[in-house]
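Examining the three-dimensional arrangement
Residues per chain, in single letters:
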Amino acid sequence: MELFNIYESLGLSRAVFDRGEAVLAGLADRFRAIDQTAEYNQAKVLSSMQKNRVGANHFAATTGYGYDDDGRERLERVYAGVFHTEAALVRPQITCGTHALTVALSANLLPGDELLSPVGAPYDTLQEVIGIRPSPCSLAEYGVRYRQADLKDDGSFDYEAIRAAITPKTKLITIQRSKGYATRPSFSVGQIGELIAFCKNIKPDVLVMVDNCYGEFVDTVEPSDVGADMTVGSLIKNPGGGLAPIGGYICGTQTCVDRCAYRLSAPGLGQEVGANLGILPAFYQGFFLAPTVVAGALKGAIFAAHLYEGLGFRCVPSAAEARCDIIQAVELGSEAAMRAFCAGIQCAAPVDSFAAPVPGDMPGYDSQVIMAAGTFVQGSSIELSADGPIRPPYAVYFQGGLTWQHAKLGILLSLQKMIDGGLTTL
Ligand SMILES: *Cc1c(COP(=O)(O)O)cnc(C)c1O
């Protein structure tokens, strides 16, 4: 059977299919480099699992307090081995990425301390955590002051502004690796390392936390390899490999992670409590699969950028740029185009393919958000998904795909819906 026949039955026209094949023909070298990164990272994960002697007995469920949970402790050592940190906190009790970041910040900032973001405004949900937008229980309410150094117009670090913003009270510096819902560049681990070195040179005892959401396994090194004291992320993004149904992680120094554990559970209890409730097989297996799942997602992002840039849409990162995370922003210019794009992603899904995404209010976000996600794990954005706030430049943030093949279909169907809606032409 010809490949096109099965795609046709899924709603794709010959013209869009052919355009996709033409774009793909030029991507062999990029895809090979992605596979090499995945190969390295696969070995890195395997090595840590073997060194830590993961055994079938570590998949057992615990309940209640979860004292002496060897499977949970072993998993945390596996994460620490991959991130090359002294310690790690990897828990289903961390409900999402925002929660992991909140734990890391509130555990290590005390009243009177200052928090600095040297990379402009943080991710939408963090703004309420910090108190940039007033919110009950924000860090601001607890007397933590926030400073920000914006990026320069070209997206680079404004070192003079950063130097001026570091004061004797600066306790913690937060660096967001991925662009989030902003159209600034995401940062490479190398760039983050330079920024950390600059800040620690000015104030050697300052703590650095990196929001690593969407960045895990994109490179062969992680922020923890270049000086971050805490590297933080969500398990329903990259490191969960699509299998983790919930959770977050904080990898870092023993001192920082101890404090995070005390904040997450209670002073005195720390890492000793927290039953795993039978979730560990998904955490281990998802982490094992994560390097190749991330590779598939990266291929999808690069394919999307080449396809849409060829049609005249601005893409961030651009088609030719190196990747620092799995997010691909495409500036579509109108709400109608965002709706069509998301409809295409949704109808490619294995779950809820019959649903029609519409913009709605979301807790933690100050504009309406449209989301396309027909996912096995609710809201999982390592699975094929697209979302974006309904505000200029009307950019959709496309990410994920548990397999490259699924990402490809979703992207082609997004274009099909745009064409069917008269929003672009080939
Ligand atoms: C997704 C994300 C978060 C928040 O994670 P949630 O799991 O949605 O709470 C924080 N920072 C960045 C950069 C993200 O992409």
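Here the residue numbers are simple positions, counted from 1 along each chain's written sequence. With pLDDT at 70 or above as the cut-off, local features in this predicted model cover only qualifying residues; side-chain atom pairs require 80 or more to be listed or tallied, and sums for whole chains, interfaces and linings still use all residues. Hydrogens are left out, water is left out, and the side-chain values use all remaining heavy atoms of the structure.

Below, the discussion takes up the nonpolar core. Tyr 79, Phe 287, Tyr 308, Ile 326, Leu 332 and Phe 341 are the most contacted members of the largest nonpolar core, which totals 84 residues. Residue contacts are defined here by distance: any two heavy atoms, one from each residue, within 4.5 Å place the two residues in contact. Those residues in contact with Phe 287 that lie beyond four places of it in its chain are Val 45, Met 49, Val 78, Tyr 79, Val 82, Phe 83, Phe 217, Pro 239 and Gly 240. Each nonpolar core is a collection of buried residues, namely Ala, Val, Leu, Ile, Met, Phe, Trp, Tyr and Cys, held together in the definition by side-chain atoms within 4.5 Å. Buried residues are those whose accessible area, probed at 1.4 Å on protein chains only, stays under 20% of the maximum for their type, while exposed residues exceed 50% and partly exposed ones sit between those limits. Within the second largest apolar cluster, 27 residues are counted, among which are Leu 109, Val 129, Leu 139 and Leu 172.

So, about the confidence of the model for the protein chain. Note that predicted coordinates carrying low pLDDT should not be read in detail. Each residue carries a pLDDT score, the predictor's own confidence in it, on a scale running from 0 to 100. In the predicted model, the protein chain carries a mean pLDDT of 96, and the fraction of residues at 70 or more is 100%. Labels follow the DSSP assignment, with helices taken as runs of H or I lasting at least four residues and strands as runs of E lasting at least two, numbered in each case from the N terminus. Here strand S11 (residues 385-389) stands out as the least confident element of the protein chain, with mean pLDDT 93; strand S7 (residues 248-252) is the most confident, with 99.

Okay, the packing of helix H2 (residues 14-25) against helix H12 (residues 404-420) next. Across the interface, H2 lies against H12 with an axial gap of 10 Å and an inter-helix angle of 130 degrees. Here H12 runs oblique to H2, going by the angle between their axes. Considering only the axes of H2 and H12, their crossing is right-handed. Judged by residue contacts, Val 16, Gly 20, Glu 21 and Leu 24 of H2 engage Trp 404, Lys 408, Leu 412, Leu 415, Gln 416 and Ile 419 from H12. The class makeup of the residues in the contact of H2 with H12 is 6 nonpolar, 2 polar and 2 charged. Only the stretch in contact is used when fitting a helix axis, every axis being a line fitted to C-alpha atoms; angles between N-to-C directions are given from 0 to 180 degrees. The scheme is simple: roughly parallel for angles under 35 degrees, roughly antiparallel for over 145, roughly perpendicular for 65 to 115, oblique for anything else. Less than a right angle of anticlockwise turn of the near helix away from the far helix marks a crossing as left-handed, whereas a clockwise turn marks it as right-handed. When residues are sorted by character, Ala, Val, Leu, Ile, Met, Phe, Trp, Tyr, Cys and Pro go into the nonpolar class, Asp, Glu, Lys and Arg into the charged class, and all the rest, Gly among them, into the polar class.

Another point: the sheet that holds strand S4 (residues 170-176). Two modes of strand pairing occur in sheets, parallel and antiparallel, and in both the strands are linked by backbone hydrogen bonds. Here, a strand pair is defined by DSSP locating no fewer than two bridges between the strands. A sheet is described by the order of its strands in space; here 7 strands give the open sequence S1-S7-S6-S5-S4-S2-S3, paired in mixed fashion. Each edge of the open sheet is held by one strand with a lone partner, namely strand S1 (87-91) and strand S3 (145-148). Looking at each pair of strands side by side, their axes are set apart by 20 degrees on average, direction ignored. Sheet topology note: the strand S2 (residues 114-117)/S3 ladder contains 4 bridges and is parallel. Along S3, the bridge assignment pairs Ser 117 with Gln 148.

Quick look at the layout of surface pockets now. Taken as a whole, the largest pocket holds about 840 Å³ of empty space. Of the two site types, the cavity is a set of points on a 1 Å grid over the protein atoms alone where a 1.4 Å probe fits but cannot get out, and the pocket is an open set with protein on both sides within 12 Å along at least five of seven lines, each lined by residues with an atom within 4 Å of a point. Taken together, 36 residues make up the lining of the largest pocket; nearest its centre are Ile 236, Lys 237, Tyr 365, Gly 379 and Ser 381. At 3 residues, helix H5 (residues 97-108) tops the list of elements feeding residues into the lining of the largest pocket. Residues that form the lining of the largest pocket fall into these classes: 18 nonpolar, 15 polar and 3 charged. Grid points are joined across faces, edges and corners, and a volume is the space filled by probe spheres set on the points.

Its location among the elements puts Gln 405 in helix H12. The exposure class assigned to Gln 405 is exposed, which follows from its relative accessible area of 52%. Considering only alpha carbons, one finds Gln 405 and Gly 300, 105 residues apart in sequence, at a separation of 8.4 Å.

It is worth spelling out the environment of Thr 98 at this point. Within the secondary structure, Thr 98 sits in helix H5. Placed 25 residues apart in sequence, Thr 98 and Tyr 123 show a C-alpha to C-alpha distance of 9.1 Å. The residues contacting Thr 98, other than those within four sequence positions of it, are Thr 125, Leu 126 and Val 129. Residues adjacent in sequence count toward polar contacts only when both atoms are side-chain atoms; beyond that, a polar contact is any pair of N or O atoms within 3.5 Å, and within protein one must be able to donate a hydrogen and the other to accept it. Within the structure, Thr 98 has its side chain in polar contact with the side chain of Thr 125 (distance 2.8 Å).

Moving on, we come to helix H11 (residues 335-347). The span expected for a helix works out to 1.5 Å for each residue beyond the first. In a regular helix each residue adds 1.5 Å, so 13 residues correspond to 18 Å; H11 covers 18 Å between its end C-alpha atoms and thus fits that length. Those residues of H11 that sit buried are Ala 337, Met 338, Ala 340, Phe 341, Cys 342, Gly 344, Ile 345 and Gln 346. In this fold, the buried residues of H11 make contact with helix H10 (280-309), strand S10 (369-373), S11, strand S12 (395-399) and H12.

Across the 5 residues of S7, 5 count as buried, placing the element largely inside the fold. Of the two faces of S7, the one lined by Gly 248, Ile 250 and Gly 252 and the one lined by Tyr 249 and Cys 251 are each fully buried. As defined by bridge partners, S1 adjoins S7 across 5 bridges and the pair is classed as antiparallel. Within S7, the residue paired with Leu 89 across the bridge is Ile 250. Summarising the sheet, strand S6 (residues 230-234) and S7 pair through 5 bridges and their orientation is antiparallel. Looking at the pairing, Ser 234 lines up with Gly 248 of S7.

This part covers unusual backbone geometry. Pro 317 follows Val 316 through a cis peptide bond whose omega is -5 degrees. Among the secondary structure elements, Pro 317 is positioned in the loop between strand S8 (314-316) and strand S9 (328-331). Of note, the bond from Pro 392 into Pro 393 is cis; its omega dihedral lies within 30 degrees of zero at 5 degrees. Tracing the backbone shows Pro 393 in the loop between S11 and S12. Notably, Arg 53 is not glycine yet its phi reads approximately 50 degrees, a positive angle. Judged by relative accessible area, Arg 53 falls into the exposed class, the value being 65%. With a phi close to 55 degrees, His 84 is a non-glycine residue in the positive phi region.

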